[in-house]
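Given next are the chains, with one letter for each unit.
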Amino acid sequence: MAQPVWITPAGSLGVIPEGVFFQTPLEAYDPDLTDTVYYSVIAGELPPGIQVNQSGLLTGIPRAVVTVQGVPEEVSEDVTNKFAVRAYTQRTVNGVTVINRLADRTFTLTVTGQDAPEFITPPGLIGSYFDGTQVTDLQIEYTDTDPADTVTVRLAAGT
């Protein structure tokens, strides 16, 4: 009776965008072709919002979050999570289900922390005019938590 054999290579599972649904299978097989292979995370942490089920499917909507002294904090940069997954078979012995054979593998998954800019200028009237002359000056202001981004503000509708 041999251990499960991993098909999914160890290492990086890729870079995925924050806030976008993600799904990828982890794959291993039983070389004896007699047992179902199950999966569970045994060490490390998956990115917040991502989980792996017993069939090896990683799914969810990831968030780029780090923990600073135990307090979760969203970030605007890439966050890489490292975790180990166990592929195993199970059998029933005297009415109790036990892990029969196992094989572990370590992976990383990087979440890009891209957050949309937020307007500081409140919605509504942005200027007053009298005979074509602007009465008050108003600067449209925004904030962006992603310092490497270039933000472009343009008129989407209206005149």
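Each chain has its residues counted from 1, running along the sequence as written. In keeping with the predicted nature of the model, local features appear solely for residues at pLDDT of at least 70, side-chain atom pairs appear and are counted solely at 80 or more, and the whole-chain, interface and lining totals rest on all residues. As a convention, hydrogens and water are excluded, and side-chain values are obtained from all of the structure's heavy atoms.

**As for the packing of aromatic side chains**
At step 1: Only Phe, Tyr and Trp rings take part, Trp by its six-membered ring, and two of them pair if their centres are within 6.5 Å. Stacked means planes under 30 degrees apart, edge-to-face means over 60, and tilted covers everything else. Overall, the coordinates contain four aromatic pairs when judged by the stated rule.
At step 2: Taken together, a centroid distance of 5.6 Å and an interplanar angle of 65° make the contact between Trp6 and Phe107 edge-to-face. Residue Trp6 is found in strand 1 (residues 5-6), and its partner Phe107 is found in strand 11 (residues 96-112); the two are separated by 101 residues along the sequence. This pair shows no difference in class: Trp6 is buried, exactly as Phe107 is. Secondary structure elements are taken from DSSP: a helix is a run of H or I of four residues or more, a strand is a run of E of two residues or more, and numbering for both begins at the N terminus. Only protein chains enter the accessibility calculation, which uses a 1.4 Å probe. A residue is then buried if its area is under 20% of the maximum for its type, exposed if over 50%, and partly exposed in between.

**Considerations on a nonpolar patch on the surface**
At step 1: Surface patches are drawn from residues lacking salt bridges whose relative accessible area is over 30%; two like charges belong together within 9 Å, two nonpolar side chains (Val, Leu, Ile, Met, Phe, Trp, Tyr) within 5 Å. For accessible areas, the Shrake-Rupley method is used with a probe of radius 1.4 Å. Any residue's cover is judged against the shown protein chains and nothing else. In what follows, salt bridge is the name for a side-chain nitrogen of Lys or Arg lying within 4 Å of a carboxyl oxygen of Asp or Glu. A surface patch of nonpolar side chains, about 390 Å² in accessible area, is lined by Val5, Ile7, Tyr29 and Leu33.
At step 2: Within the secondary structure, Leu33 is located in the loop between strand 4 (28-29) and strand 5 (38-44).

**Observations concerning the sheet that holds strand 7 (residues 57-60)**
At step 1: Two strands pair under a simple rule: DSSP has to find at least two bridges between them. Spatial strand order, 3-7-6: three strands in an open sheet with antiparallel pairing. The sheet is open, and its two edges are formed by strand 3 (22-25) and strand 6 (50-52), each paired on a single side. The mean angle between the axes of side-by-side strands here comes to 15°, regardless of whether they run parallel or antiparallel.
At step 2: Looking at chain direction, strand 3 and strand 7 are connected through four bridges and run antiparallel. From the neighbouring strand, Thr24 faces strand 7, where its bridge partner is Leu58. Lines are fitted to the C-alpha atoms to define the axes, a helix being fitted only along its stretch in contact, and any angle between axes, read from their N-to-C directions, falls within 0 to 180 degrees.

**Remarks on the sheet that holds strand 5**
At step 1: One open sheet accounts for four strands, arranged 2-11-10-5; its pairing is mixed. Of all strands in the sheet, those with a lone pairing partner are strand 2 (11-17) and strand 5, marking the two edges. Between one strand axis and the next, the sheet turns by 35° as a mean value, whatever way the strands run.
At step 2: As judged from the five bridges shared by strand 2 and strand 11, these two strands associate in the parallel manner. Directly across from Pro17, in strand 11, lies its bridge partner Thr112.

**Examining the pattern of salt bridges**
At step 1: Going through the model one piece at a time under the given rule, you end up with four salt bridges.
At step 2: Arg101 is paired through a salt bridge with Asp30; the nearest N and O atoms lie 2.9 Å apart. With Arg101 in strand 11 and Asp30 in the loop between strand 4 and strand 5, this pair connects stretches of sequence that are 71 residues apart. Here Arg101 and Asp30 have matching classes, each one buried.
At step 3: In this structure, the salt-bridge partner of Asp32 is Arg101, at a minimum N-O distance of 3.3 Å. Remark: Arg101 occurs in strand 11 and Asp32 occurs in the loop between strand 4 and strand 5; sequence separation between them is 69 residues.
At step 4: A relative accessible area of 33% places Asp32 in the partly exposed class.
At step 5: In this structure Arg101 comes out as buried when scored by relative accessible area, which is 7%.

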